[in-house]
Amino acid sequence: IFFSGNGPSGICLSYLLSGYTPYFKRHSLHPHPILQRKLEEAPEVSVLDQDLEYLSEGLEGRSHSLVALLFDTLQRPDTDFGGTAESVLTWWHEPDRAIPHLVLGRNAPGGAWHSIEGSMVTLSRGEWMGLPDLPFTEWLKQKRRGLRNNRATAEDIAQYYQHYVMKKGLQKNFICGTVVTSVRKVSAGSISNHTQKDLQESSDSLWNSNEQSTEVFQVDGFFKTVAGDKEPFSIHAENVVLATGTYDNPTWLGVKGENLSYVHHQLSALEEAVKNNSVGIMSDPVLIVGAGLTAADAILFAQHCNIPVIHVFRRRVSDPGLIFNQLPKIMYPEYHKVHQMMKEQTAACAGPYESYISLPEHHVLSFGKDKKCILQDKNGCQKAYKISMALVLTGSNPNLSFLPNDGIDLAVDSDQPVNPKRNPIDVDPFTYECTQEKGLYALGPLAGDNFVRFVQGGALAAASSLLKKANKNPP
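Residues numbered from 1 in each chain as written. Predicted model: local features only at pLDDT ≥ 70, side-chain atom pairs only at ≥ 80, totals over all residues. Heavy atoms only, no water.

S.K.: Honestly, the overall build of the chain in this entry has me stumped. Any pointers?
M.R.: Scanning the chain for helices and strands turns up eleven helices and 22 strands. Each of the 475 residues in the chain was classed as buried or not, and the buried ones make up 54%. When contacts within the chain are restricted to residue pairs at least 6 apart in sequence, those whose partners lie at least 24 apart make up 68%. Approximately 22500 Å² of the chain is accessible, and the part contributed by carbon and sulfur atoms is 50%. (Helix = DSSP H or I, 4+ residues; strand = E, 2+ residues; numbered from the N terminus. Buried < 20%, exposed > 50% of the residue type's maximum accessible area, 1.4 Å probe, protein only. Contact = heavy atoms within 4.5 Å. Areas by Shrake-Rupley, 256 points an atom, 1.4 Å probe, with all protein chains shown as cover.)

S.K.: Explanation requested: the nonpolar core in the structure shown.
M.R.: Ranked by size, the top nonpolar core spans 82 residues in total, and within it Leu13 and Ile425 carry the most contacts. It is helix α11 (residues 452–469) that contributes the most residues to this core, nine residues altogether. Non-local contacts of Leu13, meaning those with residues more than four positions away in its chain, are made with Phe3, Val241, Leu443, Ala459, Ala462 and Ala463. By size, the runner-up hydrophobic cluster in this structure holds 30 residues, among which are Ile288, Ile299, Phe313 and Met341. (Core = buried A, V, L, I, M, F, W, Y, C linked by side-chain atoms within 4.5 Å.)

S.K.: Would you mind showing me how to read the packing of aromatic side chains here?
M.R.: Here a ring pair, both rings aromatic, is described through the centre-centre distance and the interplanar angle of the planes. What the rule picks out here adds up to nine aromatic pairs. Ring geometry for Tyr15 against Tyr20: centres 4.3 Å apart, planes inclined by 15°, an arrangement best described as stacked. Consider the rings of Tyr15 and Trp91, whose centres lie 5.2 Å apart with planes at 55°: the pair is tilted. Residue Tyr15 is found in helix α1 (residues 8–17), and its partner Trp91 is found in strand β3 (residues 89–93); the two are separated by 76 residues along the sequence. A residue is classified by how much of its surface remains accessible, and Tyr15, at 0% relative accessible area, is buried. (Phe/Tyr/Trp six-rings, centres within 6.5 Å; stacked < 30°, edge-to-face > 60°.)

S.K.: Looking at this structure, how should I read the packing of helix α4 (residues 66–75) against α11?
M.R.: Describing two packed helices takes the angle between their axes plus the distance from one axis to the other. One way to put it is that α4 packs onto α11 with a least axis distance of 7 Å and a crossing angle of 110°. With respect to each other, α4 and α11 are oriented roughly perpendicular. Here Val67, Ala68, Leu69, Phe71, Asp72 and Gln75 of α4 lie close against α11, whose contacting residues are Arg453, Phe454, Gln456, Gly457, Gly458, Leu460 and Ala461. (Axes fitted to C-alpha atoms, helices over the stretch in contact; angles between N-to-C directions. Parallel < 35°, antiparallel > 145°, perpendicular 65-115°, else oblique.)

S.K.: Help me understand the sheet that holds strand β13 (residues 263–264) in this model?
M.R.: Whenever strands of a sheet pair, they do so through backbone hydrogen bonds, lying parallel or antiparallel. Judged by pairing direction, the sheet is parallel, and its five strands sit side by side in the order β13-β20-β14-β15-β16 without closing on themselves. This sheet does not close on itself; its edge strands, each paired only once, are β13 and β16 (356–360). (Pairing = 2+ DSSP bridges.)

S.K.: Looking at this structure, I do not really get the environment of Asn399. What am I missing?
M.R.: Take Asn399: it is sitting in the loop between β21 (396–397) and β22 (440–442). Judged by its relative accessible area of 28%, Asn399 is partly exposed. Sequence-wise, Asn399 and Pro250 are 149 residues apart; in three dimensions their C-alpha atoms are separated by 9.4 Å. A distance of 2.9 Å separates the side chain of Asn399 from the side chain of Ser401, its partner in a polar contact. (Polar contact = N/O pair within 3.5 Å; in protein donor to acceptor, adjacent residues only side chain to side chain.)

S.K.: Sorry, what's going on with unusual backbone geometry here?
M.R.: In most cases, non-glycine residues show a negative phi, while peptide bonds are predominantly trans. The phi dihedral of Asp133 falls on the positive side, at around 65°, and the residue is not glycine. Summarising the element assignment, Asp133 is placed in the loop between β5 (121–125) and α5 (136–142). For Asp133, a relative accessible area of 41% translates into the label partly exposed. The phi dihedral of Asn277 is positive, around 60°, even though this residue is not glycine. Mapped onto the elements, Asn277 comes out in the loop between α8 (268–275) and β14 (286–289).

S.K.: Any chance you could explain the packing of helix α9 (residues 293–304) against helix α10 (residues 333–344) here in plain terms?
M.R.: It is at 10 Å that the axes of α9 and α10 come closest, and there the two elements cross at 85°. Overall, the two elements α9 and α10 adopt an arrangement that is roughly perpendicular. Only Glu334, Tyr335, Lys337, Val338 and Met341 of α10 make contact with α9, whose side of the interface consists of Leu293, Ala296, Asp297, Ile299, Leu300 and Gln303. Of the residues that constitute the contact of α9 with α10, the class distribution is seven nonpolar, one polar and three charged. (Nonpolar A, V, L, I, M, F, W, Y, C, P; charged D, E, K, R; others polar.)

S.K.: How should the environment of Glu271 be read in this particular structure?
M.R.: Residue placement: Glu271 occurs in helix α8. Sequence-wise, Glu271 and Cys305 are 34 residues apart; in three dimensions their C-alpha atoms are separated by 9.9 Å.

S.K.: Explain α11 here, please?
M.R.: In an α-helix there are 3.6 residues to a turn, and that puts residues three or four apart on one side. The terminal C-alpha atoms of α11 lie 26 Å apart, and with 18 residues this matches the ideal 26 Å at 1.5 Å per residue to within 8%. Here α11 lies mainly inside the structure; 16 of its 18 residues are buried. Once α11 finishes, Asn471 follows within two positions and takes phi at roughly 55°, a positive value. (Expected span 1.5 Å × (residues − 1).)

S.K.: Hey, could you run me through the pairing of strand β15 (residues 309–313) in this one?
M.R.: The side chains of a regular strand alternate between the sheet's two faces. Counting buried residues along β15, five of its five residues qualify, which places the element largely inside the surrounding structure. Burial of the side chains of β15 extends over both faces: Val309, His311 and Phe313 are buried on one face and Ile310 and Val312 on the other. Handedness of the crossover joining β14 and β15 through α9 is recorded here as right-handed. (Right-handed = clockwise from strand over helix to strand, strands pointing away.)

S.K.: Looking at this structure, I do not really get the confidence of the model for the chain. What am I missing?
M.R.: Detailed reading of predicted coordinates is not advised where the pLDDT is low. For the chain, per-residue confidence averages 86 on the pLDDT scale, and residues scoring 70 or more make up 87% of the total. No element of the chain has a lower mean pLDDT than helix α7 (residues 193–202), at 42, and none a higher one than β14, at 98. In this model, residues 193–211 is a region of pLDDT below 50 whose contacts with residues beyond four sequence positions or in other chains number 24 contacts. (pLDDT = per-residue confidence, 0-100.)

Shown next, in the form of structure tokens:
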């Protein structure tokens, strides 16, 4: 089995395929009485071997995925009500159930968490960032560190994921510094015996030949060597797991001048500009486009550095779809502050916040070479603003260029690109296998699961399915 992506989804699935097996902890009590009764029916059978659809039926929560809600509530039974009840799972290491697999990723284990500015604080509570059988908060205590407002920094999380892989002995399955360029189906008969023998020797019997399988996946790519060279590789596998996340490919507006050097699509560009003193308190304003949490982080960072901001977004401030209208004020005071600014500091009505102007229901028409940006409001009125730089922070899309037709054929709407919120890959809800391509699995944001606490349910579903295929489930 081959995984593309070594973030939380890939790490969790690797753990489950390495023989670590969850059972219901005898004499433990789950606050959901119907689930408790189901768990008591067969405590000697691993959760991986049970009917996940039956166990998860009737669960409700903050995810659309029943199996994500199931695995989350087994690990954190009453967390949504502020409780700290212990997990009702106990973990046994059963090495004979392990399935050989490789996890490839560009960065160290932890995926995109290594690319996020280290001091950024997570949206999710710290305990929700943890992986099975090693609570994040316990690891943080060992470092003699605490959580700010119950939330963690990106640097802590990236370190925790690396520590998790080492602590659980998973590192032999991880190959970092790799880029996948192609995943495609090929005829098993077209692969020479010589290639098959090489693969068996070089990947610890990764190749499990199955006479019934007439097609396999060929995965091509390259390793980045220490010297900076690219060393190509080609792997064949019966099953491939896509867990690449969505951080790679920021969304563009598609307007004139967006490719000019002062227009950027990542928050790191603002941090870099501040370090280089190319923007500051006396600069023309920084234009920030977007009304999500990354745009809010950019506004907070600019405020901290006394940099003037013009904030442009398409929605109304009161739009219930705006993320700020869904966050509890007590838990997220800094985002509540940004939301207040968006409401109170519009161009039409000056408010108490210096160096910030909010332009709701506006959009960008064009960027000029003279650093003038043309904006248009909902009534069609246009206005030019002189800016120092622009940050377009309107989300990101997965980079699936390594799949045929960029993976569009796998999406729920196969006429549109894959998008984690609007058009995820179409998967079976209890195996996470792609409905359009057997043997191909999708986890995390690709399958519509956008929070670390919920991506783990997809890993549970995929592991259960893969164990059945490999006949590693006890009868």
